[in-house]
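Okay, here's what each chain looks like letter by letter:
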Amino acid sequence: MSYPNGKNLERNISNLVKRHGTPLVLISKKLLTEQVEKFKRLLPRVTPYYAIKANSHEDIVKTFVKLGTGFDVASKYEMELALKCGAKPKNIVFANPIKPPETMRFAMEHGVDLTVFDSEYELYKIAENAPGARVLVRIKVPNIGSVVELSLKFGADPVDAIPLLIKAHKLGLKPTGLAFHVGSQCTHVENYIEAFEMGSIIMHDAKLKQIPLSIVDIGGGMPIQHFDDDEDYFAKFAPAINKEIDRLYDNSVQLMAEPGRSFAGPACTLVTRVMGKSIRENKPWYYLDDGLYGTLSGILYDFCKYQYNVFKRGLTHISTLAGPTCDSHDIIARSVELPELDINDIVYVQNIGAYSTASTTNFNGILPAKTVFLP
Ligand SMILES: Cc1ncc(COP(=O)(O)O)c(C=O)c1O
(Lines give C-alpha, C1' and ligand atoms only; values in the text may rest on other atoms or scores of the structure.)
Protein backbone atom coordinates (compact mmCIF):
# COMPACT_ATOMS: atom_id res chain seq x y z
CA MET A 1 0.00 0.00 0.00
CA SER A 2 1.40 3.40 -0.89
CA TYR A 3 1.61 6.53 1.24
CA PRO A 4 -1.76 8.31 1.32
CA ASN A 5 -1.62 11.55 -0.58
CA GLY A 6 -3.70 13.56 -3.00
CA LYS A 7 -7.16 12.52 -4.09
CA ASN A 8 -7.19 9.02 -2.63
CA LEU A 9 -6.14 10.22 0.78
CA GLU A 10 -9.33 9.33 2.64
CA ARG A 11 -9.70 5.86 1.12
CA ASN A 12 -6.02 5.04 1.65
CA ILE A 13 -6.00 6.22 5.25
CA SER A 14 -9.18 4.24 5.99
CA ASN A 15 -7.62 1.11 4.51
CA LEU A 16 -4.45 1.56 6.54
CA VAL A 17 -6.49 2.08 9.71
CA LYS A 18 -8.48 -1.08 8.98
CA ARG A 19 -5.25 -3.00 8.66
CA HIS A 20 -3.15 -1.45 11.45
CA GLY A 21 -5.51 0.36 13.82
CA THR A 22 -4.68 3.72 15.41
CA PRO A 23 -2.72 5.70 16.45
CA LEU A 24 -0.60 5.24 13.38
CA VAL A 25 2.44 7.07 12.06
CA LEU A 26 2.86 6.68 8.31
CA ILE A 27 6.32 7.28 6.88
CA SER A 28 6.77 7.87 3.17
CA LYS A 29 9.95 6.70 1.49
CA LYS A 30 8.99 8.75 -1.56
CA LEU A 31 8.67 11.94 0.46
CA LEU A 32 11.96 11.26 2.29
CA THR A 33 13.64 10.96 -1.09
CA GLU A 34 11.98 14.14 -2.33
CA GLN A 35 13.26 16.12 0.67
CA VAL A 36 16.84 15.05 -0.04
CA GLU A 37 16.44 15.93 -3.71
CA LYS A 38 14.91 19.29 -2.78
CA PHE A 39 17.80 20.09 -0.44
CA LYS A 40 20.41 19.19 -3.06
CA ARG A 41 18.58 21.25 -5.67
CA LEU A 42 18.20 24.29 -3.41
CA LEU A 43 21.70 24.24 -1.85
CA PRO A 44 23.95 22.53 -4.42
CA ARG A 45 27.23 23.35 -2.67
CA VAL A 46 26.13 22.02 0.71
CA THR A 47 26.45 18.33 1.67
CA PRO A 48 23.61 17.23 3.97
CA TYR A 49 24.29 15.18 7.11
CA TYR A 50 20.85 14.08 8.36
CA ALA A 51 20.36 14.98 12.05
CA ILE A 52 19.11 11.63 13.34
CA LYS A 53 17.63 13.25 16.45
CA ALA A 54 14.71 14.48 14.32
CA ASN A 55 13.52 10.91 13.73
CA SER A 56 15.65 7.86 14.34
CA HIS A 57 13.37 5.30 12.68
CA GLU A 58 15.66 2.67 11.19
CA ASP A 59 13.99 2.70 7.76
CA ILE A 60 14.49 6.47 7.57
CA VAL A 61 18.20 6.12 8.34
CA LYS A 62 18.53 3.27 5.81
CA THR A 63 16.76 5.34 3.15
CA PHE A 64 19.19 8.22 3.66
CA VAL A 65 22.18 5.84 3.62
CA LYS A 66 21.01 4.63 0.20
CA LEU A 67 20.60 8.22 -0.97
CA GLY A 68 24.20 8.93 0.04
CA THR A 69 23.64 11.57 2.73
CA GLY A 70 25.91 11.91 5.73
CA PHE A 71 24.68 11.79 9.34
CA ASP A 72 24.79 14.08 12.35
CA VAL A 73 24.74 11.96 15.50
CA ALA A 74 24.24 13.24 19.03
CA SER A 75 24.90 10.08 21.03
CA LYS A 76 26.40 6.60 21.05
CA TYR A 77 22.99 5.13 20.23
CA GLU A 78 22.62 7.30 17.11
CA MET A 79 26.20 6.55 16.04
CA GLU A 80 25.64 2.79 16.39
CA LEU A 81 22.36 3.10 14.50
CA ALA A 82 23.96 5.00 11.60
CA LEU A 83 26.81 2.48 11.40
CA LYS A 84 24.44 -0.49 11.67
CA CYS A 85 22.36 0.94 8.81
CA GLY A 86 25.45 1.14 6.62
CA ALA A 87 26.70 4.72 7.01
CA LYS A 88 30.43 5.11 6.50
CA PRO A 89 32.27 6.54 9.52
CA LYS A 90 33.74 9.29 7.37
CA ASN A 91 30.19 10.43 6.58
CA ILE A 92 29.28 10.92 10.23
CA VAL A 93 29.76 14.03 12.35
CA PHE A 94 29.42 13.70 16.11
CA ALA A 95 27.78 17.11 16.40
CA ASN A 96 26.81 17.23 20.05
CA PRO A 97 29.09 19.91 21.56
CA ILE A 98 29.18 18.08 24.94
CA LYS A 99 29.89 14.35 24.93
CA PRO A 100 30.63 11.66 27.49
CA PRO A 101 34.35 10.73 27.42
CA GLU A 102 33.59 7.06 26.74
CA THR A 103 31.40 7.94 23.73
CA MET A 104 34.23 10.06 22.33
CA ARG A 105 36.50 7.01 22.66
CA PHE A 106 33.86 4.82 21.02
CA ALA A 107 33.59 7.30 18.12
CA MET A 108 37.34 7.24 17.44
CA GLU A 109 37.52 3.45 17.75
CA HIS A 110 34.83 3.26 15.07
CA GLY A 111 36.44 5.77 12.72
CA VAL A 112 34.14 8.72 13.50
CA ASP A 113 36.82 11.37 13.89
CA LEU A 114 34.88 14.58 13.17
CA THR A 115 33.29 16.33 16.12
CA VAL A 116 32.10 19.69 17.40
CA PHE A 117 33.08 21.62 20.54
CA ASP A 118 32.45 25.05 21.98
CA SER A 119 34.59 25.24 25.11
CA GLU A 120 38.12 24.65 26.32
CA TYR A 121 36.91 22.00 28.80
CA GLU A 122 35.49 19.95 25.95
CA LEU A 123 38.77 20.25 24.05
CA TYR A 124 40.71 18.72 26.94
CA LYS A 125 38.19 15.87 27.06
CA ILE A 126 38.38 15.25 23.30
CA ALA A 127 42.20 15.42 23.31
CA GLU A 128 42.38 12.84 26.10
CA ASN A 129 39.80 10.41 24.70
CA ALA A 130 40.04 10.96 20.96
CA PRO A 131 43.59 12.10 20.25
CA GLY A 132 44.02 13.47 16.74
CA ALA A 133 40.28 14.04 16.17
CA ARG A 134 39.17 16.69 13.68
CA VAL A 135 37.27 19.44 15.47
CA LEU A 136 34.81 22.14 14.39
CA VAL A 137 34.32 25.07 16.73
CA ARG A 138 30.64 25.84 17.17
CA ILE A 139 29.98 29.54 17.35
CA LYS A 140 26.96 31.36 18.72
CA VAL A 141 24.99 33.03 15.91
CA PRO A 142 21.70 34.95 15.78
CA ASN A 143 18.60 32.73 16.13
CA ILE A 144 16.13 35.59 15.62
CA GLY A 145 12.59 34.41 14.89
CA SER A 146 13.48 30.72 14.87
CA VAL A 147 10.83 28.55 16.56
CA VAL A 148 13.43 26.60 18.56
CA GLU A 149 16.32 28.74 19.85
CA LEU A 150 19.54 26.73 19.66
CA SER A 151 22.11 29.31 20.70
CA LEU A 152 20.93 29.39 24.34
CA LYS A 153 22.79 26.28 25.40
CA PHE A 154 25.66 26.02 22.92
CA GLY A 155 27.99 28.15 20.85
CA ALA A 156 31.24 29.90 21.72
CA ASP A 157 31.42 33.66 21.47
CA PRO A 158 32.80 34.25 17.94
CA VAL A 159 35.72 36.27 19.42
CA ASP A 160 36.83 33.12 21.26
CA ALA A 161 36.84 30.95 18.14
CA ILE A 162 40.47 31.59 17.14
CA PRO A 163 41.96 31.10 20.65
CA LEU A 164 39.94 27.87 20.91
CA LEU A 165 41.19 26.61 17.55
CA ILE A 166 44.78 27.45 18.54
CA LYS A 167 44.24 25.55 21.78
CA ALA A 168 42.90 22.57 19.82
CA HIS A 169 46.06 22.59 17.70
CA LYS A 170 48.29 22.76 20.80
CA LEU A 171 46.44 19.77 22.26
CA GLY A 172 47.26 17.67 19.20
CA LEU A 173 43.77 17.87 17.68
CA LYS A 174 43.06 18.87 14.07
CA PRO A 175 41.23 22.20 13.97
CA THR A 176 39.22 21.70 10.81
CA GLY A 177 36.47 24.27 10.64
CA LEU A 178 33.50 25.86 12.28
CA ALA A 179 29.86 25.06 12.89
CA PHE A 180 26.74 26.99 13.84
CA HIS A 181 22.99 26.55 14.15
CA VAL A 182 20.57 29.37 13.34
CA GLY A 183 17.76 27.76 15.38
CA SER A 184 15.23 25.22 14.21
CA GLN A 185 12.38 26.19 11.88
CA CYS A 186 14.29 29.33 10.95
CA THR A 187 12.32 31.65 8.69
CA HIS A 188 14.76 34.61 8.84
CA VAL A 189 17.42 34.13 6.20
CA GLU A 190 19.31 37.00 7.88
CA ASN A 191 20.38 34.50 10.58
CA TYR A 192 22.25 32.45 7.97
CA ILE A 193 23.63 35.57 6.25
CA GLU A 194 25.07 36.93 9.50
CA ALA A 195 26.46 33.52 10.45
CA PHE A 196 28.19 33.23 7.05
CA GLU A 197 29.76 36.64 7.53
CA MET A 198 31.02 35.71 11.02
CA GLY A 199 32.30 32.39 9.71
CA SER A 200 34.20 34.00 6.86
CA ILE A 201 35.95 36.42 9.25
CA ILE A 202 37.00 33.49 11.46
CA MET A 203 38.25 31.52 8.42
CA HIS A 204 40.35 34.53 7.36
CA ASP A 205 41.81 35.09 10.82
CA ALA A 206 42.55 31.40 11.24
CA LYS A 207 44.48 31.38 7.96
CA LEU A 208 46.57 34.32 9.16
CA LYS A 209 47.32 32.37 12.35
CA GLN A 210 48.50 29.39 10.24
CA ILE A 211 45.39 27.32 11.05
CA PRO A 212 43.78 26.76 7.68
CA LEU A 213 40.17 25.64 8.03
CA SER A 214 38.38 23.61 5.38
CA ILE A 215 34.84 22.94 6.68
CA VAL A 216 31.87 25.22 7.39
CA ASP A 217 28.98 23.31 8.95
CA ILE A 218 25.84 25.43 8.60
CA GLY A 219 23.75 23.22 10.94
CA GLY A 220 20.04 22.68 10.38
CA GLY A 221 17.16 25.09 10.75
CA MET A 222 15.68 24.78 7.24
CA PRO A 223 11.95 25.37 7.77
CA ILE A 224 9.01 23.26 6.61
CA GLN A 225 5.34 23.97 5.94
CA HIS A 226 2.88 22.83 8.61
CA PHE A 227 -0.29 24.46 7.31
CA ASP A 228 -1.73 24.36 3.80
CA ASP A 229 -1.23 28.11 3.38
CA ASP A 230 2.31 28.28 4.85
CA GLU A 231 4.96 29.78 2.62
CA ASP A 232 7.88 27.60 1.51
CA TYR A 233 10.50 29.78 3.23
CA PHE A 234 13.33 27.36 2.51
CA ALA A 235 12.77 27.54 -1.26
CA LYS A 236 12.31 31.28 -0.98
CA PHE A 237 15.55 32.03 0.82
CA ALA A 238 17.88 29.36 -0.62
CA PRO A 239 19.09 31.68 -3.46
CA ALA A 240 20.25 34.26 -0.88
CA ILE A 241 22.17 31.52 0.99
CA ASN A 242 23.86 30.33 -2.21
CA LYS A 243 24.82 33.88 -3.14
CA GLU A 244 26.49 34.43 0.24
CA ILE A 245 28.26 31.07 0.12
CA ASP A 246 29.71 31.89 -3.30
CA ARG A 247 30.66 35.41 -2.21
CA LEU A 248 32.40 34.38 1.00
CA TYR A 249 33.76 30.87 0.53
CA ASP A 250 35.91 29.70 -2.35
CA ASN A 251 35.64 26.20 -3.77
CA SER A 252 38.29 24.84 -1.43
CA VAL A 253 35.82 25.21 1.47
CA GLN A 254 33.61 22.20 2.09
CA LEU A 255 30.11 23.20 3.17
CA MET A 256 28.04 20.76 5.15
CA ALA A 257 24.65 20.99 6.88
CA GLU A 258 22.73 19.01 9.49
CA PRO A 259 19.10 19.09 8.34
CA GLY A 260 16.73 17.24 10.63
CA ARG A 261 13.27 18.77 10.41
CA SER A 262 13.39 19.48 6.69
CA PHE A 263 14.30 15.85 5.90
CA ALA A 264 11.99 13.94 8.22
CA GLY A 265 9.15 16.41 8.88
CA PRO A 266 7.26 16.39 5.57
CA ALA A 267 7.52 12.61 5.21
CA CYS A 268 5.16 11.50 8.00
CA THR A 269 1.47 11.59 8.80
CA LEU A 270 -0.12 10.84 12.17
CA VAL A 271 -3.51 9.16 12.04
CA THR A 272 -5.54 9.24 15.25
CA ARG A 273 -9.09 8.34 16.16
CA VAL A 274 -11.66 10.06 18.34
CA MET A 275 -12.15 7.76 21.31
CA GLY A 276 -14.26 10.03 23.50
CA LYS A 277 -16.19 13.27 23.39
CA SER A 278 -17.84 15.70 25.78
CA ILE A 279 -19.13 19.23 26.02
CA ARG A 280 -17.18 21.38 28.47
CA GLU A 281 -17.97 25.06 28.92
CA ASN A 282 -20.27 24.89 25.91
CA LYS A 283 -17.48 23.68 23.72
CA PRO A 284 -17.06 20.28 22.07
CA TRP A 285 -14.08 18.31 23.33
CA TYR A 286 -12.69 15.34 21.43
CA TYR A 287 -10.33 12.90 23.12
CA LEU A 288 -7.91 11.33 20.64
CA ASP A 289 -5.90 8.14 21.05
CA ASP A 290 -2.59 10.04 20.72
CA GLY A 291 -1.49 13.18 22.50
CA LEU A 292 1.24 15.23 24.16
CA TYR A 293 2.87 12.18 25.72
CA GLY A 294 2.93 10.50 22.34
CA THR A 295 3.45 11.60 18.76
CA LEU A 296 2.21 15.12 19.51
CA SER A 297 5.02 15.70 22.02
CA GLY A 298 6.45 18.23 19.56
CA ILE A 299 3.82 20.67 20.84
CA LEU A 300 5.74 20.69 24.13
CA TYR A 301 9.37 20.18 23.17
CA ASP A 302 9.41 21.63 19.68
CA PHE A 303 6.85 24.47 20.19
CA CYS A 304 5.22 23.05 17.12
CA LYS A 305 1.77 24.03 15.83
CA TYR A 306 0.01 21.48 13.65
CA GLN A 307 -2.92 21.46 11.27
CA TYR A 308 -5.62 18.99 12.37
CA ASN A 309 -7.52 17.46 9.46
CA VAL A 310 -10.72 15.42 9.34
CA PHE A 311 -12.73 13.79 6.59
CA LYS A 312 -16.09 14.83 8.03
CA ARG A 313 -17.67 17.86 6.38
CA GLY A 314 -20.33 20.26 7.69
CA LEU A 315 -20.85 23.24 9.94
CA THR A 316 -17.77 23.83 12.08
CA HIS A 317 -17.45 24.76 15.74
CA ILE A 318 -14.48 25.87 17.79
CA SER A 319 -13.44 22.63 19.43
CA THR A 320 -10.81 21.29 21.79
CA LEU A 321 -8.64 18.26 21.08
CA ALA A 322 -7.18 16.36 24.01
CA GLY A 323 -4.90 13.35 24.36
CA PRO A 324 -5.65 9.94 25.89
CA THR A 325 -3.94 10.24 29.30
CA CYS A 326 -5.55 11.31 32.57
CA ASP A 327 -3.28 14.35 32.75
CA SER A 328 -4.89 17.81 32.39
CA HIS A 329 -1.72 18.90 30.66
CA ASP A 330 -2.48 16.52 27.81
CA ILE A 331 -4.51 19.03 25.80
CA ILE A 332 -3.51 19.16 22.15
CA ALA A 333 -5.27 22.27 20.87
CA ARG A 334 -7.97 24.45 22.43
CA SER A 335 -9.54 26.14 19.44
CA VAL A 336 -9.67 24.11 16.28
CA GLU A 337 -12.49 24.72 13.78
CA LEU A 338 -14.04 21.27 13.34
CA PRO A 339 -17.35 19.79 12.21
CA GLU A 340 -19.10 17.64 14.78
CA LEU A 341 -17.08 14.44 15.18
CA ASP A 342 -18.17 11.05 16.44
CA ILE A 343 -16.38 8.22 18.18
CA ASN A 344 -14.03 6.45 15.76
CA ASP A 345 -13.77 9.43 13.38
CA ILE A 346 -10.26 10.04 12.08
CA VAL A 347 -8.17 13.13 12.86
CA TYR A 348 -4.89 13.23 10.97
CA VAL A 349 -1.84 15.49 11.00
CA GLN A 350 0.59 15.77 8.11
CA ASN A 351 4.22 16.97 8.17
CA ILE A 352 4.74 15.47 11.62
CA GLY A 353 7.90 13.42 11.00
CA ALA A 354 10.36 15.53 12.99
CA TYR A 355 10.63 15.81 16.78
CA SER A 356 7.44 13.77 17.25
CA THR A 357 8.05 10.02 17.61
CA ALA A 358 11.50 11.09 18.84
CA SER A 359 10.11 11.99 22.26
CA THR A 360 7.18 9.70 22.92
CA THR A 361 6.60 8.04 26.30
CA ASN A 362 4.53 5.18 27.72
CA PHE A 363 2.84 7.50 30.22
CA ASN A 364 -0.37 6.02 31.67
CA GLY A 365 0.64 2.75 30.08
CA ILE A 366 -0.36 4.09 26.68
CA LEU A 367 2.07 2.84 24.08
CA PRO A 368 3.49 5.00 21.27
CA ALA A 369 1.75 4.93 17.88
CA LYS A 370 2.52 2.08 15.53
CA THR A 371 4.74 3.08 12.63
CA VAL A 372 4.26 1.93 9.05
CA PHE A 373 6.90 2.56 6.40
CA LEU A 374 5.42 2.97 2.94
CA PRO A 375 6.99 3.26 -0.52
C1 LIG B 1 23.51 20.21 16.53
C2 LIG B 1 22.23 20.14 15.76
N3 LIG B 1 22.30 19.89 14.45
C4 LIG B 1 21.19 19.78 13.70
C5 LIG B 1 19.94 19.90 14.26
C6 LIG B 1 18.74 19.73 13.38
O7 LIG B 1 18.12 20.95 13.15
P8 LIG B 1 16.81 21.08 12.27
O9 LIG B 1 15.90 20.02 12.68
O10 LIG B 1 16.32 22.46 12.55
O11 LIG B 1 17.21 20.95 10.83
C12 LIG B 1 19.81 20.21 15.63
C13 LIG B 1 18.51 20.36 16.24
O14 LIG B 1 18.33 20.43 17.43
C15 LIG B 1 21.00 20.32 16.40
O16 LIG B 1 20.96 20.56 17.71
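Quantities reported herein were computed from a predicted structural model and do not represent experimental measurements.

Undergrad: Even after reading the chapter, I still don't get the environment of Glu190, so can you show me in this structure?
TA: Inspection of the secondary structure puts Glu190 in helix H8 (residues 189-208). Under the relative-accessibility criterion, Glu190 is labelled partly exposed at 47%. In the structure, Glu190 is positioned 51 residues away from Ile241 in sequence and 9.3 Å away in space, judged by C-alpha atoms.

Undergrad: Where do I start with helix H2 (residues 29-42) in this structure?
TA: Two residues of an α-helix separated by three or four positions point the same way, owing to the 3.6 residues in each turn. When the terminal C-alpha atoms of H2 are compared, their 20 Å separation across 14 residues agrees well with the 20 Å that a helix rising 1.5 Å per residue should span. Within H2 the residues assigned to the buried category are Leu31, Leu32, Gln35, Val36, Lys38, Phe39 and Leu42. Projection of H2 onto a plane perpendicular to its axis shows the buried side chains occupying an angular sector of 160°, all on one side. Exposed positions of H2 whose direction lies more than 90 degrees from the buried face are Lys30 and Arg41.

Undergrad: Sorry, what's going on with the domain arrangement of the chain here?
TA: Frequently, the measure chosen for interface size is the accessible area that the parts lose on association. Split into domains, the chain comes out as domain 1 (6-25 + 266-374) and domain 2 (29-265). Of note, the centres of domain 1 and domain 2, computed from C-alpha atoms alone, are 33 Å apart. Counting residues at the interface gives 19 residues for domain 1 and 25 residues for domain 2. Each partner contributes to the roughly 1,900 Å² buried at the junction of domain 1 and domain 2, and carbon and sulfur atoms together form 57% of this total. The tally of links from domain 1 across to domain 2 stands at one salt bridge.

Undergrad: How should I be thinking about the side chain of Lys99 in this particular structure?
TA: Examined against the element boundaries, Lys99 turns out to sit in the loop between strand E4 (92-94) and helix H5 (101-109). With residues near it in sequence (within four places) discarded, Lys99 still touches Phe94, Met104, Thr115, Val116, Glu122, Lys125 and Ile126.

Undergrad: What is the right way to look at the packing of H8 against helix H9 (residues 233-248) in this model?
TA: To characterise two packed helices, one gives the angle between the axes of the helices and the distance between these axes. Running from N to C, H8 and H9 cross one another at 10°; their axes reach a closest spacing of 10 Å. Here H9 runs roughly parallel to H8, going by the angle between their axes. Taken together, the residues of H9 that come into contact with H8 (itself represented by Val189, Tyr192, Ile193, Phe196, Glu197 and Ser200) are Phe237, Ala240, Ile241, Glu244, Ile245, Arg247 and Leu248.

Undergrad: I tried to follow the packing of aromatic side chains on my own but got confused; where do I start?
TA: Working definition: an aromatic ring pair is given by the centre-to-centre distance plus the angle between the planes. Under the criterion given, the structure shown has 13 aromatic pairs. Judged by centre distance (6.5 Å) and plane angle (80°), the ring pair of Tyr50 and Phe71 falls under edge-to-face. Pair noted here: Tyr50 is in strand E2 (residues 46-51) and Phe71 is in strand E3 (residues 70-73), with a separation of 21 residues, a long-range link. Using a relative accessible area of 0% as the deciding quantity, one classes Tyr50 as buried. Among the aromatic side chains, those forming a connected cluster through ring pairs are Phe39, Tyr50, Phe64, Phe71, Tyr192, Phe234, Phe237 and Phe263. Looking at Lys99, its charged tip hangs above the ring of Phe94, at a distance of 5.8 Å from the centre.

Undergrad: How should I be thinking about the site of the ligand in this particular structure?
TA: Lining the immediate environment of the ligand, one finds 15 residues, of which Ser184, Glu258, Gly260, Arg261 and Tyr355 sit closest. Take Gly221: an N or O atom from its main chain is 2.9 Å from an oxygen atom of the ligand. Residue Gly260 places a main-chain N or O atom 2.8 Å away from an oxygen atom belonging to the ligand. Relative to its unbound accessible area of 400 Å², the ligand is 91% covered by the protein chains. Residues of the shell around the ligand, tallied by class, amount to five nonpolar, five polar and five charged.

Undergrad: Sorry if this is basic, but what is going on with the nonpolar core here?
TA: General note: in soluble globular proteins, nonpolar side chains tend to be found buried as a group. Leu43, Phe180, Tyr192, Ile218 and Tyr308 are the most contacted members of the largest nonpolar core, which totals 110 residues. Residue contributions to this core peak at seven residues, all from H8. Summarising the domain contributions, this core has at least three residues from each of domain 1 (6-25 + 266-374) and domain 2 (29-265). Other than its neighbours up to four places away in sequence, Tyr192 contacts Phe180, Val182, Cys186, Ile218, Gly220, Gly221, Met222, Phe237 and Ile241.

Undergrad: Looking at this model, I keep getting lost on the state of the cysteines. Mind explaining?
TA: Put plainly, two cysteines are in a disulfide when a covalent bond ties their sulfur atoms together. Evaluated as defined, the whole model comprises zero disulfides. Lacking any disulfide linkage, Cys304 is separated from the closest cysteine sulfur, that of Cys268, by 13 Å. With a relative accessible area of 9%, Cys304 lands in the buried category.

Undergrad: What is the right way to read the environment of Phe237 from this model?
TA: Following the sequence through the fold, Phe237 ends up in helix H9. Here Phe237 falls in the buried class, since its relative accessible area comes to 5%. Along the backbone, Phe237 and Arg19 are 218 residues apart, and their C-alpha atoms lie at a distance of 41 Å.

Undergrad: Sorry, what's going on with the packing of helix H6 (residues 120-129) against helix H7 (residues 161-170) here?
TA: For the pair H6 and H7, the least separation of the axes is 10 Å and the interaxial angle reads 20°. In terms of axis orientation, H6 runs roughly parallel to H7. The handedness of the crossing between H6 and H7 is right-handed. For the pair H6 and H7, the contacting residues are Glu120, Leu123 and Tyr124 in the first and Leu164, Lys167 and Ala168 in the second. Class assignment for the residues of the contact of H6 with H7 results in four nonpolar, no polar and two charged.

Rules used in this analysis
- Residues numbered from 1 in each chain as written.
- Predicted model: local features only at pLDDT ≥ 70, side-chain atom pairs only at ≥ 80, totals over all residues.
- Heavy atoms only, no water.
- Helix = DSSP H or I, 4+ residues; strand = E, 2+ residues; numbered from the N terminus.
- Buried < 20%, exposed > 50% of the residue type's maximum accessible area, 1.4 Å probe, protein only.
- Expected span 1.5 Å × (residues − 1).
- Arc of directions from axis to C-beta.
- Domains from an automatic or database assignment.
- Contact = heavy atoms within 4.5 Å.
- Buried area = accessible area lost by both parts, 1.4 Å probe.
- Salt bridge = Lys/Arg side-chain N within 4 Å of Asp/Glu carboxyl O.
- Axes fitted to C-alpha atoms, helices over the stretch in contact; angles between N-to-C directions.
- Parallel < 35°, antiparallel > 145°, perpendicular 65-115°, else oblique.
- Phe/Tyr/Trp six-rings, centres within 6.5 Å; stacked < 30°, edge-to-face > 60°.
- Lys NZ or Arg CZ within 6 Å of the ring centre and 35° of its normal.
- Near = heavy atom within 4 Å.
- Polar contact = N/O pair within 3.5 Å; in protein donor to acceptor, adjacent residues only side chain to side chain.
- Areas by Shrake-Rupley, 256 points an atom, 1.4 Å probe, with all protein chains shown as cover.
- Nonpolar A, V, L, I, M, F, W, Y, C, P; charged D, E, K, R; others polar.
- Core = buried A, V, L, I, M, F, W, Y, C linked by side-chain atoms within 4.5 Å.
- Disulfide = S-S within 2.5 Å.
- Left-handed = near helix turned anticlockwise from the far one by under 90°.

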